[in-house]
Amino acid sequence: HETVKGEAIEEEALESIAKRRAVIKDSWDFYRMICSLLRDRRKYVEVFEKLKLDPVYPYLHSMTGLNDPGDSGYQSSDKEVLQPALPHYRDLSRTEVINDLIEKAE
């Protein structure tokens, strides 16, 4: 009778150890997932910052649908193309500016 009792205690101990290991494994999996998400976020921010340096970015940023403010009260669907005031662009039309930006991007 004592052998059965000892085996039952041993079985409970093994189950307890298995449960603890499962919790530890789940915790490490969760930790790795969080680290992966943080790494991905940093990569997306880095790529976005690089994209903003592209000469065509102001044009793309101004397009309705790509940078759409949604229901935040924006009245006009025509958005202004924002571009740093460069002396070269002073006498060009908007179309000429955009064509020049496209040429520079290629």
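Check the entry above for the structure.
Quick caveat: nothing in here was measured; it's all calculated off a predicted structure.

Digging into the overall build of the protein chain
Point 1. Within the protein chain, the secondary structure is distributed over 3 helices and 0 strands.
Point 2. Helices and strands appear in the protein chain in the N-to-C order α-α-α.
Point 3. Looking at the 106 residues of the protein chain, the share that counts as buried comes to 9%.
Point 4. Taking all contacts inside the protein chain whose residues are at least 6 apart in sequence as the whole, residues at least 24 apart take part in 32%.
Point 5. Total accessible area on the protein chain stands at roughly 9500 Å², and carbon and sulfur atoms take up 57% of it.

A closer look at the pattern of salt bridges
Point 1. Throughout the structure, instances matching the rule amount to 4 salt bridges.
Point 2. One salt bridge connects K52 with E49, and the closest N-O pair in it is separated by 3.4 Å. Here E49 and K52 lie together in helix α1 (residues 2-52), a separation of 3 residues that amounts to about one turn.
Point 3. By relative accessible area, K52 is classed as partly exposed at 33%.

Examining the packing of aromatic side chains
Point 1. Evaluation of the coordinates by the stated rule reveals 2 aromatic pairs.
Point 2. Consider the rings of W28 and Y31, whose centres lie 5.5 Å apart with planes at 90°: the pair is edge-to-face. A residue pair is termed a helical-turn pair when its members lie 3 or 4 positions apart in one helix, as W28 and Y31 do in helix α1 at 3 residues.
Point 3. For the pair F48 and Y57, a centre-to-centre distance of 6.2 Å together with 80° between the ring planes defines the contact as edge-to-face.

Description of the environment of P58
Point 1. By secondary structure assignment, the location of P58 is in helix α2 (residues 57-62).
Point 2. Residue P58 is classed as buried on the basis of its relative accessible area of 14%.
Point 3. For the pair P58 and L101, spaced 43 residues apart in sequence, the C-alpha to C-alpha distance is 9.4 Å.

Quick word on the side chain of D100
Point 1. Along the chain, D100 falls in helix α3 (residues 94-105).
Point 2. According to the relative accessible area criterion, D100 is buried, its value standing at 15%.
Point 3. Non-local contacts of D100, meaning those with residues more than four positions away in its chain, are made with H88 and Y89.

How each quantity is defined
- Residues numbered from 1 in each chain as written.
- Predicted model: local features only at pLDDT ≥ 70, side-chain atom pairs only at ≥ 80, totals over all residues.
- Heavy atoms only, no water.
- Helix = DSSP H or I, 4+ residues; strand = E, 2+ residues; numbered from the N terminus.
- Buried < 20%, exposed > 50% of the residue type's maximum accessible area, 1.4 Å probe, protein only.
- Contact = heavy atoms within 4.5 Å.
- Areas by Shrake-Rupley, 256 points an atom, 1.4 Å probe, with all protein chains shown as cover.
- Salt bridge = Lys/Arg side-chain N within 4 Å of Asp/Glu carboxyl O.
- Phe/Tyr/Trp six-rings, centres within 6.5 Å; stacked < 30°, edge-to-face > 60°.

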